[in-house]
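The residues making up each chain are set out below.
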Amino acid sequence: MSGPTPRSADASPTWDAVLLTPVCALGVRTSAIAVTEVAYLPPATPAIAPGDPIAARAVREIERYLADPGFRFTVPLAPRGTAFQQRVWDAIGAIVPGESRTYGELARRLATAARAVGQ
């Protein structure tokens, strides 16, 4: 895994950190008090060093999780999304570690379509 490079004037301002993992690049966006978004980015995306304390904490915790999937995150979260997205995320968060659910199973629980859950 490559470490982050220092932030530069031409680095993308849209991410507060970009972490390169063995399987993908992860973009981390934060507010002053919480992580607001984590997204998969194209594999060629360059690393960006955390630009604030919350981004730094998120990167450290993601790295710990990658080393130990039993690690429990403590960084504060404030995801931005529609009411529907929030319902889907709450349903995903209720899945017991080690178990899985299909989009169809989640959709039935939420009384919606599997394709909508998958988005």
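Visitor: Before we move on, could you go through the pairing of strand β1 (residues 17-20) and cite the residues and values that matter?
Guide: Of the two faces of β1, both are covered, the one formed by A17 and L19 as well as the one formed by V18 and L20. In textbook terms, the turn of a hairpin is the stretch between consecutive antiparallel strands, and for β1 and strand β2 (residues 25-30) this stretch comprises four residues.

Visitor: Describe helix α1 (residues 53-67), naming the residues involved and giving the relevant values.
Guide: Each turn of an α-helix holds 3.6 residues, which means side chains three or four residues apart point in the same direction. Taking 1.5 Å of rise per residue, 15 residues should cover 21 Å, and α1 covers 21 Å from first to last C-alpha, within 8% of that figure. Those residues of α1 that sit buried are I54, A55, A58, V59, E61 and I62. The inward-facing, buried residues of α1 abut β1, β2 and β3 (35-41). Between the side-chain oxygen of the N-cap and the backbone nitrogen of I54 there are 3.0 Å, and the N-cap of α1 in question is D52.

Visitor: I'd like a rundown of the packing of aromatic side chains, residues and numbers included.
Guide: Applying the stated criterion to the full structure yields two aromatic pairs. Plain terms: the ring middles of Y65 and F73 are 5.5 Å apart, the flat faces sit at 35° to each other, and that makes the pair tilted. By relative accessible area, which is 42% here, F73 ends up partly exposed. Arranged with centres 5.7 Å apart and planes meeting at 75°, the rings of F71 and F73 form a pair that is edge-to-face. Classification of F71 as buried rests on a relative accessible area of 13%. Site record: aromatic cluster; members linked through ring pairs are Y65, F71 and F73. Looking at R29, its charged tip hangs above the ring of W15, at a distance of 4.1 Å from the centre.

Visitor: Break down a nonpolar patch on the surface for me, citing the residues and quoting the values.
Guide: On the surface, a nonpolar cluster with roughly 280 Å² of combined accessible area is contributed by Y65, L66 and F73. On the secondary structure map, F73 appears in the loop between α1 and α2 (83-93).

Visitor: So what about the packing of α2 against helix α3 (residues 103-110)? Which residues, and what values?
Guide: A pair of packed helices is captured by two measures, namely the crossing angle of their axes and the spacing between those axes. It is at 11 Å that the axes of α2 and α3 come closest, and there the two elements cross at 115°. Two packed elements cross with a definite hand, and for α2 against α3 that hand is right-handed. Taken together, the residues of α3 that come into contact with α2 (itself represented by R87, V88, A91 and I92) are L106, R109 and L110. For the contact of α2 with α3, the residue count by class is five nonpolar, no polar and two charged.

Visitor: Can you lay out the sheet that holds β3 for me, pointing to particular residues and giving the numbers?
Guide: As summarised here, the arrangement of the three strands in space is β1-β2-β3, forming an open sheet in which the pairing is antiparallel. Two strands bound the open sheet, and with one partner strand each, they are β1 and β3. Strand-to-strand twist of the sheet, defined as the mean angle between neighbouring strand axes without regard to direction, takes the value 20°. When β1 meets β2, the two strands line up antiparallel, connected through four bridges. The residue bridging A17 from the neighbouring strand is V28, located in β2.

Visitor: Which residues make up the pairing of β2, and what values go with them?
Guide: For β2, the buried fraction is high: five of the six residues fall into the buried class. Pairing analysis gives six bridges linking β2 to β3, with the strands arranged antiparallel. Of the residues in β3, the one forming a bridge with R29 is E37. Between β2 and β3, which follow one another and run antiparallel, lie four residues.

Reading guide: rules and limits
Here, residues in each chain are numbered from 1, in the same order as that chain's written sequence. Totals for whole chains, interfaces and linings use every residue, but because this is a predicted model, local features are given only for residues with pLDDT of at least 70 and side-chain atom pairs only at 80 or more, for both listing and counting. Excluded from the side-chain calculations are hydrogens and water; all other atoms, namely the structure's heavy atoms, are used. Any residue under 20% of the maximum accessible area for its type is buried, any over 50% is exposed, and the rest in between are partly exposed; the area is computed with a 1.4 Å probe on protein chains only. Runs of H or I in DSSP of at least four residues are treated as helices and runs of E of at least two as strands, each being numbered from the N terminus. For two strands to pair, DSSP has to find at least two bridges joining them. For a helix, the expected span equals 1.5 Å multiplied by the residue count minus one. Whether two residues touch is decided by their heavy atoms; if any such pair falls within 4.5 Å, the residues are in contact. In protein, a polar contact means a hydrogen-donor-capable atom and an acceptor-capable atom, both N or O and within 3.5 Å, with residues adjacent in sequence counting only if both atoms are side-chain atoms; elsewhere, any N or O pair within 3.5 Å suffices. The rule is short: rings of Phe, Tyr and Trp, with Trp giving its six-membered ring, pair when the centres are within 6.5 Å, and they are stacked under 30 degrees, edge-to-face over 60, tilted in between. In this scheme, Lys NZ or Arg CZ marks a charge over a ring once it lies within 6 Å of the ring centre and within 35 degrees of the ring normal. Patch criteria: residues need more than 30% relative accessible area and no salt bridge. Like-charged residues are merged within 9 Å; nonpolar side chains of Val, Leu, Ile, Met, Phe, Trp and Tyr are merged within 5 Å. Each accessible area is a Shrake-Rupley result for a 1.4 Å probe, and residues are judged covered by the shown protein chains and nothing else. Any carboxyl oxygen of Asp or Glu that lies within 4 Å of a side-chain nitrogen of Lys or Arg is treated as forming a salt bridge with it. For helices, the axis comes from a line fit to the C-alpha atoms of the stretch in contact; other axes are also lines fit to C-alpha atoms, and the angle between any two N-to-C directions lies between 0 and 180 degrees. Two helices cross in a left-handed way if the nearer one is turned anticlockwise from the farther one by less than a right angle. They cross in a right-handed way if the turn is clockwise. Charged residues are taken to be Asp, Glu, Lys and Arg, nonpolar residues to be Ala, Val, Leu, Ile, Met, Phe, Trp, Tyr, Cys and Pro, and polar residues to be all remaining types, Gly included.

Honestly, it's all geometry; don't read function into it.
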